[in-house]
Every structure is written in structure tokens, then in C-alpha cells.
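Architecture and fold: a report
Okay, here's what each chain looks like letter by letter:
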Amino acid sequence: MSVENIKLAKQIIEQLGGPNNIASYTHCMTRLRVTPKDGSLVNKAAIKKIDGVIGLVEQETLQIILGPGKVNKVTEEFGKLVEASEIDLTERAAQKKSELKEKNATPFKMILRRIASIFIPLIPALVASGLITGVTKAIIQAGWMSGESQIALILTTIGGGLFAYLGILVGINAAKEFGGSPALGGLAGILIINPAVAGISLFGEELVPGRGGLIGVLMAAIFIAFVEKRVRRFVPQSLDIILTPTIALLITGIVTYILFMPIGGFISEGITKGLLAVLDMGGIVAGFVLGATFLPLVVTGLHQGLTPVHLELINTIGDDPLLPILAMGGAGQVGAAFAIYLKTKKTRLKRAIGGSLPSGILGIGEPLIFGVTLPLGRPFLTACLGAGIGGAFQAYFNIATIAVGVSGLPLSFLVHAQQIVLYLVGLFIAYVAGFIFTYLFGFNDGMAGEFD
């Protein structure tokens, strides 16, 4: 497998214009994200045709979809090849970042992508903690283990630790994203979640630990990064290590307790109450619309900006009724992919579907989206319709998760134990709806010219 990964990394580098054309690179769960120095040297059509490449997305970075697991191994080999060329990526990355800022960023997109950059590194931890928490609660509620047993207590502690201290990790990433010190960002998170604030009363009102949630944490962490950079301009270098962090923390602490906690709380409550009102009043219609329109967000990568919304719902009301609805987006893709697999006679297309379906069933839909349905066009729309049907079902039965994790089958471990069967029924309905819409009028082999 190592030889295969090295070969794939070499082919990608070659079509990117060689190692000297790479300004920077990183990866997420499914994509190798590359910033080329000169975009005109990149052969995008050739990259898409490389065996092992599922798809290609062009945003601020060039995102080469390789699939979960595979992307980590290929990126490792990719990095070795790039480093062996002894080029200076730092300078080029800074240059390219400056160019991209001028070229292609509306304020709204930039805000959402920055939020996504804060939460994407936390996804593995959220998935692991969510699964352990969900499975443990399901086992306890099924009566297979006592909630007071030592094993249950240990598993609950392992799974729940992240959610108790998530504000610290979010603060670290937020400060880093906005040019501040990660440690100060962590302190900004502690300002919000610290139990000691319960003894403080300001303007006649007692502070509540956690008030403002992750919205408040983001505000405080971004603010402390801003203050740190401004203070550093005026502090002598010899005193920087002492004065800069102290002043930044002191100012941020005061502003957080006076402004960020109440404002963050107001925004958090507005988001959660607004979403719940939409679901209560809209019912199955709202579920259909939300389920059917989620995949376009995934295409743009902006879906990661919803992570704090999911977490805030859990923090505020104890569960998340939005995630099961949006999870139907991937299910619609799975159904559409099955339909295409049965109808097509093209070997390359069948191979692409066969390689992407397991990931889709396990809740990672990007390989199917970018490798199959989106390039074909109409199947992407019929998959969205299938997702809408599944979303309507989830909304009608008020299915909700107790933690955040990947969608598909694994999400069944995160919904309330008494709702697991209903969630799986909704998932199956989305599969079937995506299949029927696509099989009847969503696909014919004439659409699959690029898979010849």
C-alpha cells in the first residue's frame, strides 16, 4: 500500500506543476488541500483522471478528494516528496494567501470558512467522544449495563470529557486562526466555562458558568488575539513575555464578563429558539427543505460552519434535532449511487461508485458527491430530493442526537436510544427515495461521458 500511496502522491505533484509550484498543503478527513503558486501550471483535468483521485474542488485551495483514511497516507507521502525538493513553502504560502484574500473572498464566505478552520481539526475528537458517549448511553438504556457500574462511569468520563472542556479547544483554535497565541485562546475559553464565575454578580445579575456557550468563546478568543497583537506593538521587547499576555488576559476577562457572555448568550438563544421554531412550525416541510438543501452547502465546504450551531443546540436544550435531518443528505447520495451502479454499463463509473459507497454509508459523503453525482449533474439533484424525503421523516418524528458525529449509519449510536429504530427507518427511506428518483429520471449512460 505504501508503494501505491507514493505513486499516487507523485502523480498528483506532477499534475500540480511539480513540487516547486506548491505554496502550501494540508489535509482534512477526505481532502488533500493544496495551494499552488501558479494556478495555470495545474492540470485539473489530468488530476481528476488519476486512479485513486475521487474528485476535485476549487475554492481558496485546490481540494483533491482521496477519501477517508487514504488521504492521511497519501498526504504523508506527498509531504515527504515536497520536503525532499527543499523548497521554501512558508514564503510562498504567505504570498498565495495574500493573493487569495484579494481575489475571492466575500465577508460572509470568509467568516464561515474561518469558523470551519476552527472546528475542522476538532472533528476526530468530536466523532470519537460522541460515539463513546452515544454507545454507552444506548447500552445503559437497553439495560445491558448499570449506569452506576464502574465500567459505565469510566466510559462516560472518557466520552464526555471533551464536551465539558470543548470551549478551551475552540478558544485555542480560534486564537491561532486569528493570529494570536493558542494558550491565550485557551484562557479565553476558560473565562467562559470556569465554574468560579458562579460567585460573581455584575449589574445586579449573577454570572452563569458557560453562559454564551461557544459563541461567547469565539468572541473572547478572537478578541484576545486582537488585543494581544495590538498591545505587542507598544510593549518593549524585553517585557513582552510578561506584559503582553497579562494585559491581553486582563482586558479580555473584563470585556468577556461585561459583554461577551451576555451577548453570546443572547445570540445562542436566538439561534436555538429560531431553529426550533422553524422545525415546530414548518414540520415535515422544514425537514424536507433542510434535508434537500444541505448537499449544496457540502459542495461549497460551508457546512463545517454549522458545527458550532449543532454544539450550541446540545449545550442549550440537551440534544440536536438538526443533525439527523441534515444527515439525510448523505443518505440520498447513497441511494442515487446504487441506482447509477445498477443502470450504468461503464466500468470506470462502477469502480468509482464501488470505492465510494462504503464511505457514504458510514457518513462521509464527499467521495460520492464529488466523484459521482456532482460530475454527472442530474443525479446530484435527485439525490437532494431523496435527502429531502428522509429529512421530512426525521423532522416529523423529532429525531435528535445527544452528541455531534458523522452521519449515516454511525449516527444511529448518537440519537436517543428510544429513537434509534426510527432514525434507521428514516435513513432507509432516504436511500430508497434517492434510488427511485435517480433510477426513474435521474440518470442515463449518456451523462457519463467523462467515465469512458
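Placed above this text is the structure.
The structure reproduced in this document is the subject of the present report. Just so we're clear, the structure is a prediction, and the values are computed from it rather than from any experiment.

1. Describing the overall build of the chain
Within the chain, the secondary structure is distributed over 17 helices and 6 strands. In terms of overall dimensions, the chain is globule-like: its C-alpha atoms have a radius of gyration of 24 Å, near the 22 Å expected for 452 residues. In terms of principal-axis extent, the alpha carbons of the chain reach across some 70 × 60 × 45 Å. Across the 452 residues of the chain, 48% fall into the buried class. At a minimum sequence separation of 6, the contacts of the chain that also span at least 24 residues come to 74%. Of the side chains in the chain, 34 bear a positive and 29 a negative charge, and the two mean positions are spaced by 7 Å.

2. Quick word on helix 6 (residues 123–141)
Given a rise of 1.5 Å per residue, 19 residues ought to cover 27 Å, and the 26 Å separating the end C-alpha atoms of helix 6 matches this to within 8%. Listed as buried for helix 6 are I123, L126, V127, S129, G130, T133, G134, T136 and A138. Within two residues after helix 6, G143 carries a phi angle of roughly 85 degrees, on the positive side.

3. Topic: helix 14 (residues 347–361)
Spanning 15 residues, helix 14 covers 21 Å between terminal C-alpha atoms, matching the ideal 21 Å at 1.5 Å per step. Bending of helix 14 peaks at approximately 30 degrees at the position of G355, with proline P358 no more than four residues after it. The set of residues buried in helix 14 consists of L349, I353, S356, L357, S359 and G360. Considering only its buried residues, helix 14 is in contact with helix 13 (328–343) and helix 15 (366–376). G363 lies just past helix 14 and shows a positive phi near 100 degrees.

4. With respect to the packing of aromatic side chains
Applying the stated criterion across every chain, the model contains 6 aromatic pairs. Here Y25 and F78 contribute two aromatic rings whose centre-to-centre distance is 5.3 Å and whose plane-to-plane angle is 65 degrees, an arrangement assigned as edge-to-face. Placement of Y25 in strand 1 (residues 22–27) and of F78 in helix 3 (residues 70–84) is noted, with a sequence separation of 53 residues between them. Given the relative accessible area of 24%, Y25 is considered partly exposed. Here F78 falls in the buried class, since its relative accessible area comes to 0%.

5. Looking at the sheet that holds strand 3 (residues 55–58)
Taken together, the 4 strands give an open sheet; going across it, the order is 1-2-4-3, and neighbouring strands pair in antiparallel fashion. The outermost strands of the open sheet, each flanked by one partner alone, are strand 1 and strand 3. Strand-to-strand twist of the sheet, defined as the mean angle between neighbouring strand axes without regard to direction, takes the value 20 degrees. Across 5 bridges, strand 1 lies against strand 2 (residues 31–36) in antiparallel orientation. Its bridge partner being in strand 2, S24 is matched across the sheet by T35. Most of the contacts of helix 3 go to strand 1, to which it runs at about 155 degrees, and overall it touches strand 1 and strand 2. Together, strand 2, strand 3 and strand 4 (62–65) form the strand contacts of helix 15, whose direction differs from that of strand 4 by roughly 95 degrees.

6. Overview of unusual backbone geometry
A positive phi angle, near 55 degrees, is found at N398, a position not held by glycine. Mapped onto the elements of the fold, N398 is located in the loop between helix 16 (378–396) and helix 17 (420–441).

7. Looking at a nonpolar patch on the surface
On the surface, Y341, L342, L385, F428, V432, I436, Y439, L440 and F441 cluster together into a nonpolar patch covering about 860 Å² of accessible area. For the nonpolar patch, the element with the highest residue contribution is helix 17, accounting for 6 residues. Turning to its location among the elements, F441 is positioned in helix 17. Owing to a relative accessible area of 44%, F441 belongs among the partly exposed residues under this scheme.

8. Some remarks on the environment of F338
Secondary-structure assignment places F338 in helix 13. Through-space distance from the C-alpha of F338 to that of Y439 is 8.8 Å; in sequence the pair is 101 residues apart. Not counting chain neighbours up to four residues away, the residues in contact with F338 comprise L357 and F435.

9. Comments concerning the side chain of S359
The residue S359 is located in helix 14 in this model. Excluding its chain neighbours within four sequence positions, the residues that come into contact with S359 are P68, I364 and P367.

10. Structural notes on the pairing of strand 4
Burial of the side chains of strand 4 extends over both faces: L62 and I64 are buried on one face and Q63 and I65 on the other. Of the pairings in the sheet, the one linking strand 2 to strand 4 comprises 4 bridges and is antiparallel in character. Opposite R33, over in strand 4, you have Q63 as the bridge partner. Summarising the sheet, strand 3 and strand 4 pair through 4 bridges and their orientation is antiparallel.

11. Some points on the packing of helix 15 against helix 16
Contact geometry for helix 15 and helix 16: axes closest at 4 Å, N-to-C directions at 105 degrees. It follows from the interaxial angle that helix 15 and helix 16 lie roughly perpendicular. Across the interface between the two elements, I369, T373, L374 and L376 from helix 15 touch R378, P379 and F380 from helix 16. Class assignment for the residues of the contact of helix 15 with helix 16 results in 5 nonpolar, 1 polar and 1 charged.

12. Focus on the pairing of strand 2
For strand 2, the tally of buried residues reaches 5 of 6 residues, placing the bulk of the element in the interior. The loop that links strand 1 with its antiparallel partner strand 2 comprises 3 residues.

13. Considerations on the nonpolar core
Counting residues in hydrophobic clusters, the biggest one holds 32 residues, and the most contacted among them are F119, L166, V170 and L311. At the level of secondary structure, the elements contributing two or more residues to this core comprise helix 5 (107–119), helix 7 (150–177), helix 8 (182–193), helix 9 (213–232), helix 10 (240–300) and helix 11 (307–317). Here this core gets 8 residues from one element, more than from any other, and that element is helix 9. Counting 25 residues, the second largest nonpolar core, distinct from the first, contains L357, V372, L376 and L411.

Quick notes on the rules
- Residues numbered from 1 in each chain as written.
- Predicted model: local features only at pLDDT ≥ 70, side-chain atom pairs only at ≥ 80, totals over all residues.
- Heavy atoms only, no water.
- Helix = DSSP H or I, 4+ residues; strand = E, 2+ residues; numbered from the N terminus.
- Rg over C-alpha atoms; globule rule 2.2 N^0.38 Å.
- Buried < 20%, exposed > 50% of the residue type's maximum accessible area, 1.4 Å probe, protein only.
- Contact = heavy atoms within 4.5 Å.
- Lys, Arg positive; Asp, Glu negative; His and termini not counted.
- Charge placed at Lys NZ, Arg CZ, Asp CG, Glu CD.
- Expected span 1.5 Å × (residues − 1).
- Bend = angle between axes of the 7 residues up to and from the residue.
- Phe/Tyr/Trp six-rings, centres within 6.5 Å; stacked < 30°, edge-to-face > 60°.
- Pairing = 2+ DSSP bridges.
- Axes fitted to C-alpha atoms, helices over the stretch in contact; angles between N-to-C directions.
- Patch = residues over 30% accessible without salt bridge, like charges linked within 9 Å, V, L, I, M, F, W, Y side chains within 5 Å.
- Areas by Shrake-Rupley, 256 points an atom, 1.4 Å probe, with all protein chains shown as cover.
- Salt bridge = Lys/Arg side-chain N within 4 Å of Asp/Glu carboxyl O.
- Parallel < 35°, antiparallel > 145°, perpendicular 65-115°, else oblique.
- Nonpolar A, V, L, I, M, F, W, Y, C, P; charged D, E, K, R; others polar.
- Core = buried A, V, L, I, M, F, W, Y, C linked by side-chain atoms within 4.5 Å.

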